[in-house]
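If you want the building blocks of each chain, they are given just below.
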Amino acid sequence: MGNSALKAHLETAQKTGVFQLTGKGLTEFPEDLQKLTSNLRTIDLSNNKMEILPPLIGKFSFLKSLALNNNRLTALPEELCKLKKLESLHLNGNHLRQLPAAFGQLSALKTLSLSGNQLRTVPTQLCALRQLDVVDLSKNQIQNVPDTVGELQAIELNLNQNQISQISVQISHCPRLKVLRLEENCLELSMLPQSILSDSQISLLAVEGNLFEIKKLRELEGYDKVCEILLLAKKCLVNALSRAFSEY
């Protein structure tokens, strides 16, 4: 990208508070952005080739939304955790294996998307985020959900398409968790805490594509207390539609 094009984007960002430069093959975070640390509310640098997010990201103290989807990030700087006004963080499709130790200091964070990374567990730092509503950890390499998950404040937790074979019973104690997505994992029915059905706030449980048949789940005590068991497999939808049309 030429300097004149970048300059034009910077001028627009200064007026709007939004800097969006996606799919331009950027290999580095634009240093000129630091001229706008007090202006920017939104930064979107998705679909580029950045391998490093520099420490200067911590200077954007008024930033509310940061999107860095589909880059090549392998780590995040501790300085990111200084963004006290950040509400939305999208990091899908990178190569992240862990979060900064101080990640729990992002006190305003409401939405966190980390789909398609290389996380091996549910980061414990998330439990310190009291405003967190939605967490997407799908398409990682998570193998188990630890006891600390019971402190998670999220309303929706997406763990689809991981390698989960064990879930702590503490997940039933999440005070606000309404939606739990566990599709396409490695769960045996015996490893799914029954308290999710009988003693939790969860009202939508998605478990299609694990190592058990859904009809076996229906036989468990507490199944009828779950408002919805979401089955998103295409064959289920097709079968339902076929029956509906045949009856019509």
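Residues numbered from 1 in each chain as written. Predicted model: local features only at pLDDT ≥ 70, side-chain atom pairs only at ≥ 80, totals over all residues. Heavy atoms only, no water.

Caption draft 1: Spatial organisation of a positive patch on the surface. Taken together, the side chains of Arg41, Lys64, Lys85 and Lys110 present a region of like positive charge at the surface. Mapped onto the elements, arginine 41 comes out in the loop between β1 (18-20) and β2 (42-44). Using a relative accessible area of 36% as the deciding quantity, one classes arginine 41 as partly exposed. (Patch = residues over 30% accessible without salt bridge, like charges linked within 9 Å, V, L, I, M, F, W, Y side chains within 5 Å. Areas by Shrake-Rupley, 256 points an atom, 1.4 Å probe, with all protein chains shown as cover. Salt bridge = Lys/Arg side-chain N within 4 Å of Asp/Glu carboxyl O. Lys, Arg positive; Asp, Glu negative; His and termini not counted. Charge placed at Lys NZ, Arg CZ, Asp CG, Glu CD. Helix = DSSP H or I, 4+ residues; strand = E, 2+ residues; numbered from the N terminus. Buried < 20%, exposed > 50% of the residue type's maximum accessible area, 1.4 Å probe, protein only.)

Caption draft 2: The arrangement of the environment of isoleucine 43 in detail. Within the secondary structure, isoleucine 43 sits in strand β2. In this structure the C-alpha to C-alpha distance between isoleucine 43 and glycine 17, which are 26 residues apart in sequence, comes to 8.6 Å. Not counting residues within four places of it along the chain, the set of residues in contact with isoleucine 43 comprises Phe19, Phe29, Leu33, Phe60, Leu63, Ser65, Leu66 and Ala67. (Contact = heavy atoms within 4.5 Å.)

Caption draft 3: The arrangement of the pattern of salt bridges in detail. Tallied over the full model, the rule gives four salt bridges. Between aspartate 133 and arginine 176 there is a salt bridge whose closest N-O contact spans 3.0 Å. Highlighted residues: aspartate 133 in the loop between β5 (111-113) and β6 (134-136) and arginine 176 in the loop between β9 (166-167) and β10 (179-181), separated in sequence by 43 residues. A residue is classified by how much of its surface remains accessible, and aspartate 133, at 24% relative accessible area, is partly exposed. The exposure class of arginine 176 is partly exposed, given its relative accessible area of 27%. The partner of glutamate 213 in a salt bridge is lysine 215, and the shortest N-O contact between them spans 3.5 Å.

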